[in-house]
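Observations on the three-dimensional arrangement
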Amino acid sequence: MGWNLVIVILAVGVYCLTSDFFKKVNPVSYRVSLPEKFSGGLVPNELLDKAEHLHADALHWAESFAEYKGKLYTGLGDGRIVRITNKEVVPILRTGETCEGQHEEHICGRPLGLTFNKAGQLFVADAYLGLLSIDINTGKKSTFCHQKLYIIEHDTSGRLLKYNLKTKEVSVVLKDLAFANGVVLTHDGNALLVAEGSNNKVFKYQIAGETKGYLDFPLVLPGEPDNIKRSKNGNYWISVATGRTLDNPSILDRISDKPFWRSLFLHIHKLSTLPICSIMRLIPHKKVKEIGFELQNARIIADVAINYGLVIEFDDSGKIIRSFHSPTGKVSHLSEAFEHNGYLYLGSWRNKYIGRLKL
């Protein structure tokens, strides 16, 4: 028994040292930025728990919203773009191809961010297909560029890109960003606000005026920020993956300066799920494939680790005006807060419903 264990450990060690996957894993040490406690505009409450659950079990992973001519649109985990009302869901098109379900999102597409221009052209940031332009009337799609993101390694390959609609050229505005996520144009049109997920912050990039370029923004967020949207009163809405402070950090926060342990976590996850997922792919049953997909992407772990819902409203100076909390995680896994007709619509990368909170 003892020698068998030694052989297994040696085999695992050899695999870790020679596998292409593990050669690519390169976590770095970093310092966590979190507020010391929830105070000021972040005083805890349970307001987020009052959100309605619209279209429960009918809309999976509706991450982002966009409005055009008073109508609300969202993208789903199976690549579909739909128009939603209180009572119905109207399919428009799919960013990818027809597939069996979310476990084939690399085929279906996975819309992460949506916005319309003034002409009614829908722009979609898709996790697999890149940046797309969609005519919701004709279904015509155009793809601009692709992007990959990494969290646990604290990878800094994120970029802020600019696409010229006339020349159809893509240029890099900023690079070396840690999990570049949400981006929004400020109300005056002079700057961009960009969420840098792994650094728990939002920064400003001035695109007009005398001072152009990167500007510090005094907004320390209690967790990883996702999409940013403009509010109707001149401020901005942003959601946080899971709210926390320095007094109550997550496991990942505790080992932020210990790249070895984060690397070990990735190794263990890969080794423990690879055989199971490989077997499950061979079983021609949708539910089995879904379980394999969940294991491979560690989303089951996220269900346990992410347990504090939080949406924040802040102004142009970076001051937090107010916040909506769900301390028990009743409403969590949020990706976006979108203001529409007096309500805050809550997108999620995990929930099987759309949250709606009356303002």
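An account of the accompanying structure is given in this report. (Residues numbered from 1 in each chain as written. Predicted model: local features only at pLDDT ≥ 70, side-chain atom pairs only at ≥ 80, totals over all residues. Heavy atoms only, no water.)

Once that is clear, we can look at the overall build of the protein chain. A tally of helices and strands in the protein chain yields 7 helices and 22 strands. For the protein chain, with 359 residues in total, the buried portion stands at 48%. Pairs at least 24 apart in sequence give 53% of the contacts found in the protein chain among residues at least 6 apart. Accessible area of the protein chain: about 18600 Å², with a carbon and sulfur share of 56%. (Helix = DSSP H or I, 4+ residues; strand = E, 2+ residues; numbered from the N terminus. Buried < 20%, exposed > 50% of the residue type's maximum accessible area, 1.4 Å probe, protein only. Contact = heavy atoms within 4.5 Å. Areas by Shrake-Rupley, 256 points an atom, 1.4 Å probe, with all protein chains shown as cover.)

Our next topic: the sheet that holds strand S4 (residues 80–84). Each strand in a sheet pairs with its neighbour through backbone hydrogen bonds, running either in the same direction (parallel) or in the opposite one (antiparallel). As summarised here, the arrangement of the 4 strands in space is S2-S3-S4-S5, forming an open sheet in which the pairing is antiparallel. Of all strands in the sheet, those bounded by a partner on one side alone are strand S2 (65–68) and strand S5 (89–94). Between one strand axis and the next, the sheet turns by 30 degrees as a mean value, whatever way the strands run. Examined bridge by bridge, strand S3 (residues 71–75) and S4 share 4 bridges and lie antiparallel to one another. Its bridge partner lying in S4, Gly75 is registered against Ile81. (Pairing = 2+ DSSP bridges. Axes fitted to C-alpha atoms, helices over the stretch in contact; angles between N-to-C directions.)

Assignment of secondary structure puts Leu357 in strand S22 (residues 354–358). Distance from Leu357 to Ala51, taken between C-alpha atoms, is 4.4 Å for residues 306 residues apart in sequence. In this structure, Leu357 is in contact with Leu47, Leu48, Lys50, Ala51, Phe324, Gly342, Tyr343 and Leu344, ignoring residues within four places of it in sequence.

Right, let's talk about the side chain of Glu105 for a bit. Note that Glu105 resides in helix H3 (residues 105–108). A polar contact is formed between the side chain of Glu105 and the side chain of Tyr128, at a distance of 2.5 Å. (Polar contact = N/O pair within 3.5 Å; in protein donor to acceptor, adjacent residues only side chain to side chain.)

A separate point is the environment of Ile279. In this fold, Ile279 is placed in helix H5 (residues 259–282). Exposure remark for Ile279: the relative accessible area of 53% places this residue in the exposed category.

Take the pattern of salt bridges next. One pass over the full model with this rule turns up 10 salt bridges. We note a salt bridge from Asp78 to Arg80, for which the minimum N-O separation is 2.9 Å. According to the relative accessible area criterion, Arg80 is partly exposed, its value standing at 24%. A salt bridge links Asp257 to Lys258, with the shortest nitrogen-to-oxygen separation between them at 3.2 Å. Look at Lys258 and you get partly exposed, because its relative accessible area is 37%. Look at the salt bridges and you will find they share partners, linking Glu63, Glu105 and Arg110 into a network. (Salt bridge = Lys/Arg side-chain N within 4 Å of Asp/Glu carboxyl O.)

Before going further, it helps to examine the packing of aromatic side chains. Within the structure shown, the criterion is met by 9 aromatic pairs. Consider the rings of Tyr68 and Phe116, whose centres lie 5.1 Å apart with planes at 25 degrees: the pair is stacked. Pair noted here: Tyr68 is in strand S2 and Phe116 is in strand S6 (residues 111–116), with a separation of 48 residues, a long-range link. Centroid distance Tyr73 to Phe116: 5.2 Å. Interplanar angle 65 degrees. Geometry classified as edge-to-face. Remark: Phe116 occurs in strand S6 and Tyr73 occurs in strand S3; sequence separation between them is 43 residues. The two residues Tyr73 and Phe116 agree in class, both being buried. (Phe/Tyr/Trp six-rings, centres within 6.5 Å; stacked < 30°, edge-to-face > 60°.)

Mapped onto the fold, Glu224 is located in the loop between strand S15 (213–215) and strand S16 (225–230). Setting aside residues no more than four positions away along its own chain, Glu224 makes contact with Gly197, Asn200, Ser239, Val240, Ala241 and Arg244.

A word on unusual backbone geometry. Although it is not a glycine, Lys69 adopts a positive phi angle of roughly 55 degrees. With respect to the secondary-structure elements, Lys69 resides in the loop between S2 and S3. Using a relative accessible area of 71% as the deciding quantity, one classes Lys69 as exposed. Positive phi, close to 60 degrees, is recorded for Phe179, a residue that is not glycine.

Once that is clear, we can look at the nonpolar core. A general feature of soluble globular proteins is that nonpolar side chains tend to end up buried together. With 18 residues, the main nonpolar core has Leu193, Val202, Leu219, Ile228, Ile238, Ile312 and Phe314 as its most contacted residues. Mapped by element, the contributors of at least two residues to this core are strand S13 (191–196), strand S17 (236–240) and strand S18 (309–314). Counting 12 residues, the second-largest nonpolar core is a separate cluster that includes Val311, Leu334, Ala337 and Leu346. (Core = buried A, V, L, I, M, F, W, Y, C linked by side-chain atoms within 4.5 Å.)

Now for the state of the cysteines. Applying the stated rule across the entire model yields 1 disulfide. Between Cys99 and Cys108 runs a disulfide, and the two sulfur atoms are separated by 1.5 Å. Looking along the S-S bond of the Cys99-Cys108 disulfide, the torsion reads about 100 degrees, which is the right-handed sense. Given the relative accessible area of 18%, Cys99 is considered buried. (Disulfide = S-S within 2.5 Å.)

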